[in-house]
Amino acid sequence: MKKTILAFLTILGSSFFAFSQFTPNQVTIVQEGDGKITGTLIDSLTNNPVEFATLSLYKVSDSAKPIDGAMTDDKGKFVLKNVPEGIYVIKFSSIGYTEKQIKYLELKGKTRSLHLGNILIEPDTKMLKEVVVSGQAAVIEEKVDRIIYNADKDISSKGGDASDILRKVPLLSVDLDGNVQLRGSSNIRVLINNKPSTIMASSVADALKQIPADQIKTVEVITSPSAKYDAEGSTGIINIITKKNNIEGYTLNTDLGAGNRGGNLGLNGSLKSGKFGMNLGGFGRYNTNPSGTEFIQESLDPVKKITVNQTGDARDNMVFGRFTLGADYDLSKNKSLSAGARFGTRSFNREQDLLIKTMAGAELLSESNLNVDSRNPMNSYDFNLDYLHIIKPQKEFSISTLYSRSTANSSFSNAPAGATETEILENHNDNINQEYTIQVDYQTPLRKNHLVEFGGKGIFRTVNSDYGYYLGNVLQKNDASKPFGNLDYNQNIGAGYLAYTYSTKSKYIFKAGARYEMTDISALQDETKSIEIPAYSNLVPSFNVSKTFGGKYTVKTGYNLRIQRPGLQQLNPNINFTNPNNPTKGNPELRPEVTDNVEASVSASIKKIYVNLALFGRFTNNSIQQIVQEYGDDKSKFLTSFENIGLEKAYGANWNGNLSITPKWMLNGGIEAFYSFISGQTIARDGSTVPVSSQGWNLNGRLMTFATLKAGWQVQAFSYVRGSRVTPQGHQGGFGFYSLGMRKEFKNKKGSIGLSAQNFLTNAMKIRTTNQNAYFYQTSINQMYNRGISMNLSYKLGKMGMDAMQPKKRAKGVKNDDIKEGGSGEGGGAQPAQGVGRPQ
């Protein structure tokens, strides 16, 4: 299968490369009338492309009568062909903008092609009060298949991480541990600058903590991915775009912060000189956080009812770091190479003291004090090399490669208070994920407003997990409840896609496509036991359409089919006893989910107001869910694992909007409501089937305001509320979060000092989770002490100057869009990882 995928990509890549190198200029003798002028029209205030603007070409000698004209596309790009020798003027016009002219453009002799780069056009100052894009409306942008949140102005982000930004993004919800959901589902894929990383495979929540919030430029929420994206990520894709310098000169930014729960240090630099550009960055963060837990578990056995009461105090110490180095080089005016290296590190340590009481009715069976010590270090490495050839506007050929590796190790020990070394039980679980990816993409316009994209991709993964229990440093080989061994997975995926986009003058945009994926998995447990997982294929269609009316109203609808393979920790047979009465483990027999998504939305931009209302539905077969069951004959213990329980449905609506109260004061907010329904069955310990069913409403809300004051002062306030969540056997409680920040910019514009506070009016936050079936009842209460205050200092060194020409579009990167989020916790079957599984 691997050889077949490699051969397929080799043939496809060779064909694309040969086709991309052929242009009419290679066989046509350049004659008079073969000149060409290209460029991109950009809004000078928001730096967004201006779509469907009109441009007219005049001779300098006769500026009253145009000799040619064109219209910018949906990316602001334009091209004028077959222009004869001469000196010209181009006039640009669009509703809401002042007219823009570029004079004395000369085509003569060898200069038969002019690339004007970015052309800035200014909004009409008379209309600024009526146009939302006056710097505030740009907080949220809307495309045919996604919503874009611009994070540039977030003044409370200094010292924070990516999860702090994602809480403010429409459609997303982020819990206090950093776990992300899109429209109530954690089945998403998170990319960084269009690239995946094995660090995301180990834990999305931990990976987000390694990305400094103030380095995030935009966040794209792709709810209806096109065929160009991998088929995985049942609910959608989140693409985090970081800031990058594209102008001449050099710069060096330093950030320093400290607060009552930790501190941070950041260093980011860039260099742009002619054809060469380089960016480097380093970020380190330390956090400490106390927490408390209360756990009550009741066995509903009619003969002997067992109750476990467990209370504990924990101390978390977290260290995160991320270091990046990127470079790009323009081989020619339309060809470029990009390369990058990224290193991430994480250390999460928890010390917990537990008091456990086991009761039979009113009788005390046992009481113990337990010390639990968890350690979870992880390192990740990513290397990419990308090539891009822009043959002409919208006609591009690219090759992208990626190597990614992460080591996600976990260990824990639990022992009675005062235990000797020989009485301490330890678990070690070492994981290695690595993958090689090659991707070939080609796009070309068939004719005006018609764009075709097609390409191929191969992903080759190796995943390994070694685990075992030790008592007094002696491996426990004879205790079936504490397994030891290893799990090896090799996963190969080959894919091809075809996508078509059609934009009309009447502001319709149609985007349709299909993707075909072949998946082959070989699995070996304990080096001798083969797990039979047959190869399978999936045909994945997608369709999106949007229509804009009068430049103010936009209507969109879309459909896509997605698949979701289970992650390593959902398959991992290691049993995690961090909670001794509720251990967790994976299930190697899991099958992938298959999800149908539909959505429809309407948005309006009227004077100072922007609003968006969307309806959506999600239907998932073979839904992978966490299930709690009896564990062995001990009625005081219940095991949490993963199963394909059956069907999951969600129907909902979300509203979000912006209000520009004044040109310097913006209000932004949103509300989301959806109804979840989960039904199916699971297998009990005795082999019988147990029905599983749960349903209920889920509500989220957020509100943010931002204001620019005099003398360089800025203030921002943010609040977020997430309601309870439906689980297969109960509910997970909701929580609230709020913050207030202010920043003062120095007069020389090279630095700033800021102060921010989070949840400063409350000492702690409680989250209650319940699970129940015919055999047990569980209640878990987590108490988070997350009151925080921090101060941050930022300063910039260097000298920058605008390049005379538009910086070239950089080579595209790999996008591996496959991951299945899975629970929480360390080791065992509790963390998401690389997607591997058997077909439906």
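What you see is a predicted model; the values in this text were computed from it and never measured.

Another point: the overall build of the protein chain. Helix and strand content of the protein chain: 5 helices and 42 strands. Buried residues in the protein chain amount to 55% of all 840 residues. Taking the intrachain contacts of the protein chain between residues at least 6 apart in sequence as the baseline, contacts between residues at least 24 apart amount to 69%. As presented, the protein chain carries roughly 35,300 Å² of accessible surface, and 58% of it is formed by carbon and sulfur atoms.

Spatially, E4-E1-E7 is the arrangement adopted by the 3 strands of the open sheet, whose pairing is mixed. Looking along the sheet, the strands with just one partner apiece sit at the ends: strand E4 (77-83) and strand E7 (113-121). When the angles between neighbouring strand axes are averaged without regard to direction, this sheet yields 15 degrees. Here strand E1 (residues 35-43) runs beside E4; their pairing, made up of 5 bridges, is antiparallel. If you follow Thr38 over to E4, its bridge partner there is Val79.

Looking now at the sheet that holds strand E12 (residues 188-192). Spatially, 5 strands are ordered E8-E9-E13-E14-E12 in an open sheet, and the strand pairing comes out mixed. This sheet does not close on itself; its edge strands, each paired only once, are strand E8 (140-142) and E12. Neighbour to neighbour, the strand axes of the sheet diverge by 20 degrees on average, direction disregarded.

Counting across every chain of the model gives 18 aromatic pairs. Arranged with centres 5.7 Å apart and planes meeting at 15 degrees, the rings of Tyr508 and Phe510 form a pair that is stacked. Ring plane angle 85 degrees and centroid distance 5.4 Å describe the contact between Tyr738 and Phe760, whose orientation is recorded as edge-to-face. With a gap of 22 residues between them, Tyr738 in strand E38 (residues 735-745) and Phe760 in the loop between strand E39 (751-758) and strand E40 (765-772) connect regions that are remote in the sequence. Residue class for Tyr738 comes out partly exposed when judged on its relative accessible area of 21%. Here the aromatic cluster, defined as three or more aromatic residues joined through ring pairs, consists of Phe412, Tyr469, Phe577 and Tyr631. Over the ring of Tyr58 we find Lys91; its NZ or CZ atom is 4.5 Å from the centre of that ring.

This brings us to the pattern of salt bridges. On inspection of all chains with the given rule, the structure shows 11 salt bridges. Salt bridges linked by common partners bring Arg315, Glu351 and Asp353 together as one network.

Ranked by size, the top nonpolar core spans 36 residues in total, and within it Tyr149, Leu166, Leu208, Ile216, Ile238 and Ile240 carry the most contacts. Apart from the residues lying within four places of it in its own chain, the contact partners of Ile238 are Leu166, Leu172, Val180, Ile188, Arg189, Val190, Leu191, Val219 and Glu220. Val83, Leu107, Leu116 and Ile121 belong to the second largest nonpolar core, which has 21 residues in total.

Moving on to the environment of Ala600. Examined against the element boundaries, Ala600 turns out to sit in strand E30 (residues 593-606). Since its relative accessible area comes to 35%, Ala600 is described here as partly exposed. As a C-alpha pair, Ala600 and Lys556 span 44 residues in sequence and 5.5 Å in three-dimensional space. Those residues in contact with Ala600 that lie beyond four places of it in its chain are Lys556, Thr557, Leu613, Ala614 and Leu615.

What follows is about the pairing of strand E41 (residues 776-784). Bridge count between strand E17 (residues 276-299) and E41: 9 bridges; the pairing is antiparallel. Counterpart to Gln297 in the pairing with E41 is Gln778. Counting the residues in the hairpin turn of E40 and E41 gives 3 residues.

Attention shifts here to the side chain of Asn587. Looking at the element boundaries, Asn587 is found in the loop between helix H5 (568-571) and E30. At 3.0 Å, the side chain of Asn587 forms a polar contact with the backbone oxygen of Phe642.

Further remarks concern unusual backbone geometry. Positive phi values are uncommon outside glycine, yet Asn82 reaches one of about 55 degrees. On the secondary structure map, Asn82 appears in strand E4. The exposed category is assigned to Asn82, whose relative accessible area is 57%. Phi is positive for Ala711, which is not a glycine, with a value near 60 degrees. Residue position: Ala711 is located in the loop between strand E34 (689-708) and strand E35 (713-722).

Moving on to a negative patch on the surface. Together, Asp430, Asp466, Asp526 and Glu527 give the surface a local cluster of negative charge. Its place among the elements puts Asp466 in strand E23 (residues 450-471). For Asp466, a relative accessible area of 33% corresponds to the partly exposed category.

Side chains of Leu256, Leu265, Leu709, Trp713, Met742, Ile753, Leu755, Ile789, Met791 and Leu793 sit close together on the surface and give an oily, nonpolar patch of about 890 Å² of accessible area. Within the residue set of the nonpolar patch, elements represented by two or more residues are E39 and strand E42 (788-801). Counting residues per element, the nonpolar patch draws most heavily on E42, at 3 residues. Take Met791: it is sitting in strand E42. Accessibility expressed as a relative area gives 47% for Met791, which makes it partly exposed.

With that settled, the discussion passes to the confidence of the model for the protein chain. The pLDDT averaged across the protein chain works out to 79; a share of 84% of its residues lies at or above 70. Every residue in residues 7-32 scores below 50 in pLDDT, and together they form 34 contacts with partners more than four places removed in sequence or on other chains. Note that residues 800-810 has pLDDT below 50 and, in this model, 30 contacts with residues that lie over four places away or in other chains.

Attention shifts here to the side chain of Asp382. Looking at where Asp382 falls in the secondary structure, it is placed in strand E20 (residues 363-392). Among buried Asp, Glu, Lys and Arg side chains, Asp382 stands out as unpaired, with Arg342 the closest opposite charge at 4.0 Å. Engagement of the side chain of Asp382 in a polar contact is seen with the side chain of Ser404, the distance being 2.3 Å.

As a further point, take the pairing of strand E25 (residues 485-503). Where burial is concerned, most of E25 is hidden: 14 out of the 19 residues are buried. In this antiparallel pair of consecutive strands, E25 and strand E26 (residues 508-525), the connection spans 4 residues, and Lys507 shows a positive phi of 70 degrees.

Calculation rules
Residues numbered from 1 in each chain as written. Predicted model: local features only at pLDDT ≥ 70, side-chain atom pairs only at ≥ 80, totals over all residues. Heavy atoms only, no water. Helix = DSSP H or I, 4+ residues; strand = E, 2+ residues; numbered from the N terminus. Buried < 20%, exposed > 50% of the residue type's maximum accessible area, 1.4 Å probe, protein only. Contact = heavy atoms within 4.5 Å. Areas by Shrake-Rupley, 256 points an atom, 1.4 Å probe, with all protein chains shown as cover. Pairing = 2+ DSSP bridges. Axes fitted to C-alpha atoms, helices over the stretch in contact; angles between N-to-C directions. Phe/Tyr/Trp six-rings, centres within 6.5 Å; stacked < 30°, edge-to-face > 60°. Lys NZ or Arg CZ within 6 Å of the ring centre and 35° of its normal. Salt bridge = Lys/Arg side-chain N within 4 Å of Asp/Glu carboxyl O. Core = buried A, V, L, I, M, F, W, Y, C linked by side-chain atoms within 4.5 Å. Polar contact = N/O pair within 3.5 Å; in protein donor to acceptor, adjacent residues only side chain to side chain. Patch = residues over 30% accessible without salt bridge, like charges linked within 9 Å, V, L, I, M, F, W, Y side chains within 5 Å. Lys, Arg positive; Asp, Glu negative; His and termini not counted. Charge placed at Lys NZ, Arg CZ, Asp CG, Glu CD. pLDDT = per-residue confidence, 0-100.

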